[in-house]
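# Coordinate analysis (summary)
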Amino acid sequence: MLVLGIETSCDETGIALYDAKRGLLAHTIYSQTDIHAKWGGVVPELASRDHVRKAVPLIDEVLIKAGITCKDIEGVAYTKGPGLVGALLIGAMLGRTLGFALGVPTIGVHHLEGHLLAPFLELNPPAFPFLALLVSGGHTELVKVEGLGKYEIIGDTLDDAAGEAFDKTAKLLGLGYPGGAALAKLAEKGDPKRFHFPRPMIDRPGLDFSFSGLKTFALHTVESHGNDNQTKADIARAFEDAVVETLTIKCRRALQQTGFRTLVIAGGVGANSALRHALHEMCKKHEAALYFPRLEFCTDNGAMIAYVGCQRLMAGEREAFGVEVFPRWPLDQLQGS
Ligand code: KG4
Ligand code: ZN
């Protein structure tokens, strides 16, 4: 089955074509970063309007890249939630309309299920069951993944998500929006010994996270030490070290608790190379296998939506008549096919 995937949950328009037998045929991602940067964050109305402008030309682009026409499409998948309601509605409306016009089935996909299963786009995918660390702009979760749709959240953030903490700290260091990747780049020049940030909640039992205190700690450090370039780099380094070590400790604890031997990293913060390195070392020591998708499939993309849509459509799932989106949609409400 050949499925068109449409991702419009936030500020990236991602379009892809995934075939059950041949794998990923083509994909493209358009990021709206430049549009939102001057406002210091995503402006929902501007995001929706830009998805309207970009989605159809991007579909034409992937069809050309894959060397097929829209008549070859056998199913359409789009992100149904969670996300910005207006942005989601653009993808849902487009997906449902295309499905109707082409006479093919459609399916609304959970954005986080897309992130969780993105490693299946790679040649050497993990086997179920596995533990997943889902670290994106809006979520920081440890998830027991037993199979498609069989997800149990065993750790969650009590306040800011890891990506949100990266973005807020980057903003106070004057790195613009979204600042996660820029902060990581600056941290490379930082002195790891100059500042020590706390590792939140590691001395408590359990697998939950709390990252909002770190940005406050960064703010106080800026206020007391100034914000010359070297100090900013040192703060970025101390912040990144604290997030990475906290995530690594909780992943180790979760592997021990579940007895699972496979860890999957999903979501935008999974693009962070310090985090990848630390988890790689931890997994080596504890004889666990580590999987993460290629960098472009860590952040939002259409390929992960096309992949999940393909699995669910092949299992016989279909979207009900009408257009429905879920801006809030807990991952553990999903069911297997
Ligand atoms: O998964 P994603 O693309 O979107 C959501 O579903 O939220 O994640 C975006 C988040 C942003 O907070 C961004 O700053 C962060 O991922 N991010 C990074 C890096 N690249 C993206 N954080 C740290 N280091 C990076 N290299
Ligand atoms: Zn995402």
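Keep in mind the model is a prediction, meaning the values are calculated, not measured. (Residues numbered from 1 in each chain as written. Chains lettered and ligands numbered in written order. Predicted model: local features only at pLDDT ≥ 70, side-chain atom pairs only at ≥ 80, totals over all residues. Heavy atoms only, no water.)

### Description of the overall build of the protein
In terms of regular secondary structure, the protein is built from ten helices and ten strands. At 20 Å, the protein has a C-alpha radius of gyration in line with the 20 Å of a compact globule built from 337 residues. Projected onto its principal axes, the C-alpha coordinates of the protein cover approximately 60 × 45 × 30 Å. Of the accessible surface of the protein, which amounts to about 14500 Å², a share of 54% is contributed by carbon and sulfur atoms. The centroid of the 34 positive side-chain charges in the protein is displaced by 2 Å from the centroid of its 39 negative side-chain charges. (Helix = DSSP H or I, 4+ residues; strand = E, 2+ residues; numbered from the N terminus. Rg over C-alpha atoms; globule rule 2.2 N^0.38 Å. Areas by Shrake-Rupley, 256 points an atom, 1.4 Å probe, with all protein chains shown as cover. Lys, Arg positive; Asp, Glu negative; His and termini not counted. Charge placed at Lys NZ, Arg CZ, Asp CG, Glu CD.)

### Structural notes on the pattern of salt bridges
Opposite charge on two side chains makes pairing possible when the charged atoms of those side chains draw close. Counted according to the given criterion, the structure contains 19 salt bridges. Between Lys80 and Glu324 there is a salt bridge, and its shortest N-O distance comes to 3.9 Å. Here Glu324 lies in the segment after α10 (303–314) and Lys80 lies in strand β4 (residues 75–81), a separation of 244 residues in the sequence. Judged by its relative accessible area of 8%, Lys80 falls in the buried class. In this structure Glu324 comes out as partly exposed when scored by relative accessible area, which is 41%. Connected via shared salt-bridge partners are Asp160, Glu164, Lys168 and Lys215. (Salt bridge = Lys/Arg side-chain N within 4 Å of Asp/Glu carboxyl O. Buried < 20%, exposed > 50% of the residue type's maximum accessible area, 1.4 Å probe, protein only.)

### Here's the deal with the domain arrangement of the protein
Looking at the assigned domains, one finds that the protein contains domain 1 (2–117 + 297–333) and domain 2 (129–292). Centre-to-centre separation of domain 1 and domain 2, based on C-alpha positions: 27 Å. Contact residues are listed per partner, giving 17 residues for domain 1 and 21 residues for domain 2. Carbon and sulfur atoms make up 74% of the surface buried where domain 1 meets domain 2, a total of about 1600 Å² over both sides. Between domain 1 and domain 2 we count four residue pairs in polar contact (both at pLDDT 80 or more) in total. Listing elements by their share of the side of domain 1 that touches domain 2, those giving two or more residues are α1 (33–37), α4 (111–117) and α10. (Domains from an automatic or database assignment. Contact = heavy atoms within 4.5 Å. Buried area = accessible area lost by both parts, 1.4 Å probe. Polar contact = N/O pair within 3.5 Å; in protein donor to acceptor, adjacent residues only side chain to side chain.)

### Quick notes on the sheet that holds strand β3 (residues 23–31)
Read across the sheet, five strands follow the order β3-β2-β1-β4-β5 without closing on themselves; strand pairing throughout is mixed. Each edge of the sheet is formed by a strand with only one pairing partner; in this case those strands are β3 and β5 (106–110). Neighbour to neighbour, the strand axes of the sheet diverge by 20° on average, direction disregarded. In the packing of helix α2 (residues 44–66) onto the sheet, the strands contacted are β1 (2–7), β2 (12–19) and β3, and the crossing angle to β3 comes to about 150°. On the sheet, helix α3 (residues 85–102) packs against β1, β4 and β5 and is oriented at approximately 160° with respect to β4. (Pairing = 2+ DSSP bridges. Axes fitted to C-alpha atoms, helices over the stretch in contact; angles between N-to-C directions.)

### Looking at the site of ligand 1
Around ligand 1, the surrounding shell holds 19 residues, and the nearest of these are Gly137, Asp167, Gly268, Asn272 and Asp300. With respect to ligand 1, the side chain of His111 contributes an N or O atom lying 3.2 Å from an oxygen atom. Elements supplying a minimum of two residues to the shell around ligand 1: α4, α5 (162–172) and α6 (180–187). A per-class count over the shell around ligand 1 returns six nonpolar, eleven polar and two charged. When residues of the shell around ligand 1 are assigned to domains, at least three fall in each of domain 1 (2–117 + 297–333) and domain 2 (129–292). (Near = heavy atom within 4 Å. Nonpolar A, V, L, I, M, F, W, Y, C, P; charged D, E, K, R; others polar.)

### As for the sheet that holds strand β9 (residues 262–266)
Here we have five strands laid out as an open sheet, ordered β8-β7-β6-β9-β10, and mixed in their pairing. Edge positions in the open sheet fall to β8 (150–156) and β10 (289–291), since each of these has one partner strand only. When strand polarity is set aside, the average angle formed by the axes of neighbouring strands in this sheet is 25°. With four bridges connecting them, strand β6 (residues 130–135) and β9 associate as parallel partners. Bridged to Leu133 within β9 is Ile265.

### What to know about the coordination of the zinc ion (ligand 2)
Taken together, the protein ligands of the zinc ion (ligand 2) are His111 (NE2), His115 (NE2) and Asp300 (OD), with distances of 2.0 to 2.1 Å. Taken together, the four donor atoms surrounding the zinc ion (ligand 2) define angles of 94 to 140° at the centre, an arrangement classified as irregular. Counting the intervening residues between successive donors of the zinc ion (ligand 2) yields the motif H-x3-H-x184-D. Here His115 and His111 lie together in helix α4, a separation of four residues that amounts to about one turn. For the residue pair His111 and His115, the accessibility class agrees, reading buried in each case. (Donors = N, O, S within 2.8 Å, 3.2 Å for Na, K, Ca; no water. Tetrahedral: all angles 85-135°; square planar, octahedral: opposite > 155°, others 65-115°.)

### Re the side chain of Asn272
Here Asn272 shows up in the loop between β9 and α9 (273–285). Here Asn272 falls in the buried class, since its relative accessible area comes to 7%. A distance of 2.8 Å separates a polar atom in the side chain of Asn272 from a polar atom in the side chain of Glu240.

### Some remarks on helix α7 (residues 212–225)
Between its terminal C-alpha atoms α7 stretches 20 Å, which fits the 20 Å expected from 14 residues at 1.5 Å a residue. Those residues of α7 that sit buried are Leu214, Ala218, Thr221 and Val222. In an axial view of α7, the angular spread of the buried residues amounts to 100°, which keeps them on one side of the axis. In α7, those exposed residues whose orientation departs by more than 90 degrees from the buried face are Glu223 and Ser224. (Expected span 1.5 Å × (residues − 1). Arc of directions from axis to C-beta.)

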